[in-house]
Amino acid sequence: MSDTFFSAAPHWTWFIIPYFFIGGLAGGAYFLAAVLEWFGQPEDRPVIRTGYRVAAVGAISSGLLLTIDLGRPLRFWHMLFQSEHFPAIMFKSWSPISFGAWAILLFGLFSVLSALGAMSEEGRLQNAALRAVGGVVRGGLAKLVAGVGGLLGFFVAGYTGILLTVTNRPVWADSPWLGALFVASGASTGAATLILLAPRRGATERSLNWLSSFDSKALAVELLVLILFLGSLGSVNRVWVSFWGLLLLVGVVGAGILVPLGLHMKPASFGSLAARPVANAAKLVLLGGFLLRLATMLASEGIERYRVAAGM
Amino acid sequence: MPEPMGFFTDTTICIGCKACEVACKNWNQLPAENGGVKELSGNSYDNTGRLDGIHWRHVKFIEQFEAPYQGRWLMMSDVCKHCVQAGCLEVCPTGAIIRTEFDTVVIQSDVCNGCRACIAACPFGVIDMNPVSGTAQKCTLCHDRLQVGLEPACAKACPTDSIQFGTITELRGRAQKRVEQLKGQGVNAYLYGADPNGPLGGLNSFYLLVDKPEVYGLPQKPQLPTRNLKSSASFSTASAAVLGLLALVGLRKRRMDDMGGRNG
């Protein structure tokens, strides 16, 4: 039996699962927008602007979800500053929850700056001060902000998996692949979100084709990493002989990865889903991304340590 | 600077009286669970269940009866191990968890914000939330009593000296003599967590056991949570690099197709 079965569950559930999903999606969407900012064409601007706005809303929501989940929400700033020696910085490079708090803060800052730039580009900013900030970002700083924010975006998508790995809990601490899996899922759900939202902002067919093609590749990477993750769990895989295992197999692998891949490659084989294959695939990818977090979190949270320890 | 202090718990002389649990709750003013209305667990004489934010001592009852009239009781008063290399202290993002002048590990309740990272990091399942304070809590090894020269409440209350308090050096010597005495009587006794070169650099609350650690609900080889940090960060970075490359390859292909279309 893995020694991880003697630890206690931290009760990270109904605020943290949506946070992991939204944080991953926001990070992935910003990363794709940043790639297009640097290497895309002028016709990709609607996708870029959508990516920045999704990231800004996602980053702010993530911060709120994290704060609400704390036992003492008004002390959220203790993760950023030393409460007894304010304003000394609180930072532990070896603690994912510590560097993650800073990453969320910085990612939020960069994504809001980029979103202001995008809104300025669309002429949607009424406030003079915000218009000025948006104008600066939209000008010479756009690529610099996008470059740093893009890296932070992938960091935010992946550190949540690393955070789980740097514990002593079953499943999470029994494999080093969870961070990589969340990075891949963040990329696929980020692309899926852009596929669904960017057309409303005037995204071109070519931009959407690129996103769709990238989503297929991200799903293939996700499937590969998921196999490596499960392979590395060894005997701990018995926790999947449960409802969460069924959810992982049917909801994540089936509905969230294989069916969307099929819709991208051979849409005609999928009956009614083939009517709008790219959009339907994107919806299923989002569902799969959420269920991935749900299954990995609750499969470990649900283990009753004393029953397992006693072999019951 | 005082010497490192801790507990040596000799499980062979624990009688399951739970005086340690009561003394701990009393001294530390820990609240009752469910307003004091308690359902019996049905699990031997153990109605505490586990260590958590309001139970900092827990007497475990292990019944080993394979046939009628053949068997034994194992009893063990469990508590925070005050690890020399503490996983909870390592991951705490607020600096609420500190190592004291007595080499013990204490959660400062006025600094903790209840993020619960320490709960998942502890390999022994010791820490949990205190619903009253909204913070993570566990045994402090009676830091307030130690500061005025008193021994911890649980050790003071233990009627059989199953829980012994003292300097780690002195306790290790005493524990080793007890192991030899028991072995001389044919009992397969050994020390869990007493080796400074063992897992987590040794435990400042260590045990004398007579069965495998897992029988007592203890991990065989407890580890620090950061053991996976480097490999996990490397795989995540590699995954991000592959995805970034795939995004760029897709853009390049689109550009090549455009050029091909224009030339064609």
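Everything quoted here is computed from the prediction, not taken from an experiment.

*Asks:* Summarise the overall build of chain A; cite the residues concerned and give the values.
*Replies:* A tally of regular secondary structure across chain A gives 10 helices and 0 strands. For chain A, long-range pairs separated by at least 24 residues make up 75% of all intrachain contacts whose partners lie at least 6 apart in sequence.

*Asks:* Kindly report on the packing of helix H2 (residues 45-69) of chain A against helix H6 (residues 178-197) of chain A, identifying the contributing residues and their values.
*Replies:* Residues and elements named next belong to chain A. Look at H2 against H6: their axes get within 10 Å of each other, and the N-to-C directions meet at 120°. As far as their axial angle goes, H6 and H2 are oblique. Judged by the sense of rotation from one axis to the other, the crossing of H2 with H6 is right-handed. Of H6, the residues touching H2 (which contributes Val47, Thr50, Gly51 and Val54) are Thr193, Leu194 and Leu197. In the contact of H2 with H6, the residues fall into 4 nonpolar, 3 polar and no charged.

*Asks:* How would you sum up the interface of chain B and chain A? Please name residues and give values.
*Replies:* Chain B puts 52 residues into the contact, and the matching count from chain A is 58 residues. Every element with two or more residues in the side of chain B that touches chain A is listed here: helix H2 (87-91), helix H3 (117-121), strand E6 (128-130) and helix H7 (229-263) of chain B. Ranked by the residues each element gives to the side of chain B that touches chain A, the list is headed by H7 of chain B, at 17 residues.

*Asks:* Can you lay out the domain arrangement of chain B for me, pointing to particular residues and giving the numbers?
*Replies:* By the assigned domains, chain B splits into domain 1 (5-223) and domain 2 (226-263). Domain 1 of chain B and domain 2 of chain B are separated by 49 Å when their C-alpha centres are compared.

*Asks:* I'd love a proper account of the sheet that holds strand E10 (residues 205-209) of chain B, names of residues and values included.
*Replies:* All names here are of chain B. Overall, mixed pairing links the 4 strands, which are arranged E8-E1-E10-E9 in an open sheet. The open sheet is flanked by strand E8 (163-167) and strand E9 (190-192), the only strands paired with a single partner. Looking at each pair of strands side by side, their axes are set apart by 25° on average, direction ignored. Bridging between strand E1 (residues 5-10) and E8 involves 5 bridges; their strand directions are antiparallel. Across the sheet, residue phenylalanine 8 finds its bridge partner in E8, namely glutamine 164. Sheet contacts for helix H6 (residues 168-184): E1, E8, E9 and E10; angle to E8, the most-contacted strand, approximately 135°.

*Asks:* Tell me about the pairing of E1 of chain B, and name the residues and values.
*Replies:* Each regular strand shows side chains that alternate between the opposite faces of the sheet. Residue and element names in this part refer to chain B. Of all 6 residues making up E1, 6 are buried, and the element is well covered by its neighbours. Residues of E1 alternate between two faces, with Met5, Phe7 and Thr9 on one and Gly6, Phe8 and Asp10 on the opposite face, all of them buried. Sheet analysis places E1 next to E10, joined by 4 bridges and oriented parallel. For phenylalanine 8, the partnering residue across the bridge sits in E10 and is phenylalanine 206.

*Asks:* Run through the environment of leucine 152 of chain A, naming residues and quoting values.
*Replies:* Residues and elements named next belong to chain A. Along the polypeptide, leucine 152 turns up in helix H5 (residues 142-165). By C-beta crowding, leucine 152 is classed as buried, having 26 other C-beta atoms within 10 Å. In the structure, leucine 152 is positioned 101 residues away from valine 253 in sequence and 27 Å away in space, judged by C-alpha atoms. Sequence-distant contacts of leucine 152, that is, excluding residues within four places in its chain, are made with Ala103, Leu106, Phe107 and Phe110.

*Asks:* Explain helix H8 (residues 243-265) of chain A residue by residue, including any values.
*Replies:* Think of an α-helix as turning once every 3.6 residues; residues three or four places apart then point the same way. Of all the bends in H8 of chain A, the largest measures some 40° and sits at glycine 254 of chain A. Of all the residues in H8 of chain A, the buried ones are Trp244, Leu248, Gly251, Val252, Val253, Gly256, Ile257, Pro260, Leu261 and Leu263 of chain A.

*Asks:* I'd love a proper account of the environment of serine 212 of chain A, names of residues and values included.
*Replies:* Residue and element names in this part refer to chain A. Secondary-structure assignment places serine 212 in helix H7 (residues 205-233). With 21 residues separating them in the primary sequence, serine 212 and alanine 191 have C-alpha atoms 7.4 Å apart. Beyond its immediate chain neighbours, meaning those up to four positions away, serine 212 contacts Ile195, His264 and Val278.

About the thresholds
- Residues numbered from 1 in each chain as written.
- Chains lettered and ligands numbered in written order.
- Predicted model: local features only at pLDDT ≥ 70, side-chain atom pairs only at ≥ 80, totals over all residues.
- Helix = DSSP H or I, 4+ residues; strand = E, 2+ residues; numbered from the N terminus.
- Contact = placed C-beta atoms within 7 Å.
- Axes fitted to C-alpha atoms, helices over the stretch in contact; angles between N-to-C directions.
- Parallel < 35°, antiparallel > 145°, perpendicular 65-115°, else oblique.
- Left-handed = near helix turned anticlockwise from the far one by under 90°.
- Nonpolar A, V, L, I, M, F, W, Y, C, P; charged D, E, K, R; others polar.
- Domains from an automatic or database assignment.
- Pairing = 2+ DSSP bridges.
- Buried ≥ 20, exposed ≤ 12 C-beta atoms within 10 Å, placed from the backbone.
- Bend = angle between axes of the 7 residues up to and from the residue.

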